[in-house]
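So the chains spell out like this:
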Amino acid sequence: MKTGRFLTAALYLYGIAILVALYLPLLSVGFASISKSRYLSFPVRRYAFEWYGEALSSGTVADLVVTSLITAALVTLVSVVVGFFGALAFARYSWRYRKLFQKFVLLPIFFPQTVLGLALLMWFNAIGIVPSWKTAVVAHLVWITPITTLIIAIRAYSFDPALEEAARDMGCTTLQTLKEVTLPLLAPGIVSAGLFAFLLSWGNFPLSLFTTGADSTLPEWLYAKMVSGYSPLVPTVGMLSVFASALLLLIAIAIPFLINRARSTESA
Amino acid sequence: MSQNQPILRLAGLLKKFNGFTALDSVDLSVSEGEFLAIVGPSGSGKTTLIRLLVGMDEQTDGTIWLRDERLDTVPANERPTCMVFQSLALFPHRTVGQNIEFPLKIRKVDAARRKERALELLNLLRLPEHYYDRRINECSGGERQRIALARALAFDPEILFFDEPLSALDYRLRKTLEKELKDLHQRTGKTFIYITHSLEEAMVMSDRIAIMRKGQFEQIGPGEEIYARPQSRFVAEFMGEVNLFPARPGEGAHAFEGLAVDDKAAAQQGLIAAEGAYLMVRPEKVRVLEEGERADFTTAGTVHAGYLLGSRRQYEIERGDQKPLIIEIVQDGSPPLADGARVRLGFDAGDTHLVERD
């Protein structure tokens, strides 16, 4: 379809408006992180990068990063593995109550996270578990596993089950079928599910707030510092967190590209 | 072509799904090197049958024998058979070459030997060698068919199964591939078992046709035989346009609905109007009778509709409240029958066949 000049202009405008709405607020945090003055005001009179040095050398920040990182990594690993098998169960096998189970599994996404966090905290207390970052991992999993399951399931539904049957027909054991056919075909879904899991856990605040107990993740600390004891370290750490996410995203985008290249050199 | 020892033998093969009998205790014997087509409408059990044969499903009862060995107890991945799927099931994440080599890779054949075999198969299927490095999504429908076939041949199966692989293709390509497949069957000498709902496909390619209905084999035999001598009304109608006249046993030994009959000729051919039987005549065997011309069976009616079928012209002849008669006349330059014209029709006892049941 040929788009008219007016429509093209409208589409560009729309795109720009979206980008501005999404990224301009982030830009203000960026400015705040490199402003010399204690509170942000425009125009920024003097720039300084000293808070970046401060943030990178701070032991507190390092601890926070480690906690957040371990939490997110564990959440990613577990939610992707569980999501992978869950998605296969939905897409490949028909069993009683499958449809019902499918809906129940997705339900946690629709709970307000604060309510979910509160519910989990009360539950942990009831069964006598002291909240720490480990309980936060469980809380994140409750909310994130449905998402990874959904993402992988979409991919699993979109490929022909006959591919797996054909592999078996040509002599593959169950494990070989998984390795030669199922995994490579689900790989894009698995990578994006993992990415989602990591970023959602890395940036999660409401669930962490209720369930980390004495431990603290990056978003929690940012919030606490905002409420009391603000310093330009807050936007600086915030920006570093954004950079870390962006870096991860870039790596994730590069992975399929690198795999493809490796595969083509292997076959050559 | 057929030899004495059957390569495949089914005995009382039964498959039920939640009380529904998809396959009703079928027996079958397939000769070494045979091209057998299994034909039936959807829901007749042909897909169930092939899934049991390759091991994707387990039978409720009965046995499958490959020569002298039980096949049904062997898991799908250890059976020496291979199937070309309806969707072809080519791996989209692998190149053409990698697809063809797949069964060899699973068998741990070394890379050089694998490639050599893949190139041989590309040649056998008349695909250019540089296709080896192509991606599947860069290949056309017909090329994909050939690749799927090459992959199945790389497996080197005892029996090659086909689950309607040509059904998604356009008419001309299908015709070409049907002939290629038949040719390939002759060149490889392998046993082919081909499932289809298209009788035309089965007739073109196979040595024998097995017609399925409601989970059972209705009739098994060479195409010509099934076409000329169907055992039931179902087979007669399934094998193309046909005129069937129900027997009227109360009205005479050779009485069929709406036909004037020459009793002597009918008796000579053994056309007894038994209860539940039908007299069958194919549309091309019915003639338009001239004034005073005689035939063993005659009837009359009004020309209702004419359709051009290339070399022939088909007419529907209305006969009161009876089923319209279908006739086909070879186009020989004479003017077509006029719509609404009254015609007298006839055919001879030798061109008919008695169908004994529904």
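Please read all numbers here as calculations on a predicted model, not as lab measurements. (Residues numbered from 1 in each chain as written. Chains lettered and ligands numbered in written order. Predicted model: local features only at pLDDT ≥ 70, side-chain atom pairs only at ≥ 80, totals over all residues. Heavy atoms only, no water.)

We now examine the overall build of chain B. When helices and strands are tallied, chain B shows 9 helices and 19 strands. On the principal axes, the C-alpha backbone points of chain B span a range of 80 × 50 × 40 Å. Out of the 358 residues belonging to chain B, those deemed buried represent 50%. A fraction of 67% describes how many contacts in chain B between residues 6 or more apart in sequence connect residues 24 or more apart. Total accessible area on chain B stands at roughly 16500 Å², and carbon and sulfur atoms take up 46% of it. Here chain B carries 47 positive and 55 negative side-chain charges, and the mean point of each set is 6 Å from the other. (Helix = DSSP H or I, 4+ residues; strand = E, 2+ residues; numbered from the N terminus. Buried < 20%, exposed > 50% of the residue type's maximum accessible area, 1.4 Å probe, protein only. Contact = heavy atoms within 4.5 Å. Areas by Shrake-Rupley, 256 points an atom, 1.4 Å probe, with all protein chains shown as cover. Lys, Arg positive; Asp, Glu negative; His and termini not counted. Charge placed at Lys NZ, Arg CZ, Asp CG, Glu CD.)

Residues and elements named next belong to chain B. For helix α3 (residues 111-124), which comprises 14 residues, the first-to-last C-alpha distance of 20 Å matches the rise-based estimate of 20 Å (1.5 Å per residue) to within 8%. All of the buried residues in α3 are Arg114, Ala118, Leu119, Leu121 and Leu122. Buried residues along α3 cover an arc of 160° about the axis, so they all sit on one side. Along its buried surface, α3 packs onto α2 (96-106) and α4 (141-155). Among the residues trailing α3, arginine 126 stands out with phi positive, at a value near 60°. (Expected span 1.5 Å × (residues − 1). Arc of directions from axis to C-beta.)

A separate point is the interface of chain B and chain A. Taken together, the 25 residues of chain B in the interface contact 19 residues of chain A. Here chain B and chain A share an interface that buries about 1900 Å² over both sides, 59% of which is from carbon and sulfur atoms. Looking only at chain B, the three residues that lose the most surface to chain A are B:Asn77, B:His93 and B:Ile106, adding up to 31% of its buried area. Where chain B touches chain A, the interface holds 3 salt bridges. Between A:Glu165 and B:Arg51 there is a salt bridge whose closest N-O contact spans 2.8 Å. (Buried area = accessible area lost by both parts, 1.4 Å probe. Salt bridge = Lys/Arg side-chain N within 4 Å of Asp/Glu carboxyl O.)

Here the focus is the nonpolar core. Of all hydrophobic cores here, the largest spans 101 residues; its most connected members are B:Leu8, B:Leu10, B:Ile38, B:Leu49 and B:Ile100. Here this core takes 10 residues from helix α6 (residues 133-157) of chain A, the largest share from any one element. In terms of nonpolar packing, the next biggest core, distinct from the first, is built from 23 residues, B:Ala266, B:Leu271, B:Ala273 and B:Val303 among them. (Core = buried A, V, L, I, M, F, W, Y, C linked by side-chain atoms within 4.5 Å.)

Once that is clear, we can look at the packing of helix α7 (residues 161-169) of chain A against helix α8 (residues 174-202) of chain A. All names here are of chain A. Running from amino to carboxyl end, α7 crosses α8 at an angle of 145°, the nearest separation of the two axes being 9 Å. In this structure, the crossing between α7 and α8 has a hand that is right-handed. Across the interface between the two elements, Leu163, Glu164, Ala167 and Arg168 of α7 pack against Thr174, Thr177, Val181, Thr182 and Leu185 of α8. Looking at the contact of α7 with α8 residue by residue, the classes come out as 4 nonpolar, 3 polar and 2 charged. (Axes fitted to C-alpha atoms, helices over the stretch in contact; angles between N-to-C directions. Left-handed = near helix turned anticlockwise from the far one by under 90°. Nonpolar A, V, L, I, M, F, W, Y, C, P; charged D, E, K, R; others polar.)

This next bit is on the layout of surface pockets. With a probe scaled to a water molecule rolled over the atoms, the places where space remains empty come into view. Residues and elements named next belong to chain A. If you add up the space inside the largest pocket, you get close to 700 Å³. Around the largest pocket, the lining comprises 26 residues; the ones closest to its centre are Tyr93, Glu164, Glu165, Arg168 and Thr174. When residues of the lining of the largest pocket are traced back to their parent elements, those giving at least two are α3 (59-92), α7 and α8. Per-element tally for the lining of the largest pocket: the top contributor is α8, with 5 residues. Among the residues forming the lining of the largest pocket, the class breakdown is 10 nonpolar, 7 polar and 9 charged. (1 Å grid on protein atoms, 1.4 Å probe; cavity = no way out; pocket = protein on both sides within 12 Å on 5 of 7 lines; lining within 4 Å. Points joined across faces, edges and corners; volume = space filled by probe spheres on them.)

Before going further, it helps to examine the pattern of salt bridges. A side chain with one charge can pair with a side chain of the opposite charge if their charged atoms come near. All names here are of chain B. Across all of its chains, the model carries 30 salt bridges over all chains by this definition. Two residues, aspartate 183 and arginine 126, come together in a salt bridge whose shortest N-O distance is 3.9 Å. Placement of aspartate 183 in helix α5 (residues 171-188) and of arginine 126 in the loop between α3 and α4 is noted, with a sequence separation of 57 residues between them. For aspartate 183, a relative accessible area of 27% gives the class partly exposed. For aspartate 183, the salt bridge is made with arginine 187, and the minimal N-O distance between the two is 3.2 Å. Placement of both aspartate 183 and arginine 187 in helix α5 is noted, with a separation of 4 residues, approximately one turn of the helix. A residue is classified by how much of its surface remains accessible, and arginine 187, at 43% relative accessible area, is partly exposed.

In this section: the domain arrangement of chain B. Where interface size is given, it is often the accessible area lost as the parts come together that is meant. All names here are of chain B. As assigned here, chain B comprises domain 1 (6-235) and domain 2 (241-355). Here domain 1 and domain 2 have C-alpha centroids that lie 39 Å from each other. Between domain 1 and domain 2, the residue contacts involve 7 residues of the former and 7 residues of the latter. Carbon and sulfur atoms make up 54% of the area that domain 1 and domain 2 hide from each other, which totals about 650 Å². (Domains from an automatic or database assignment.)

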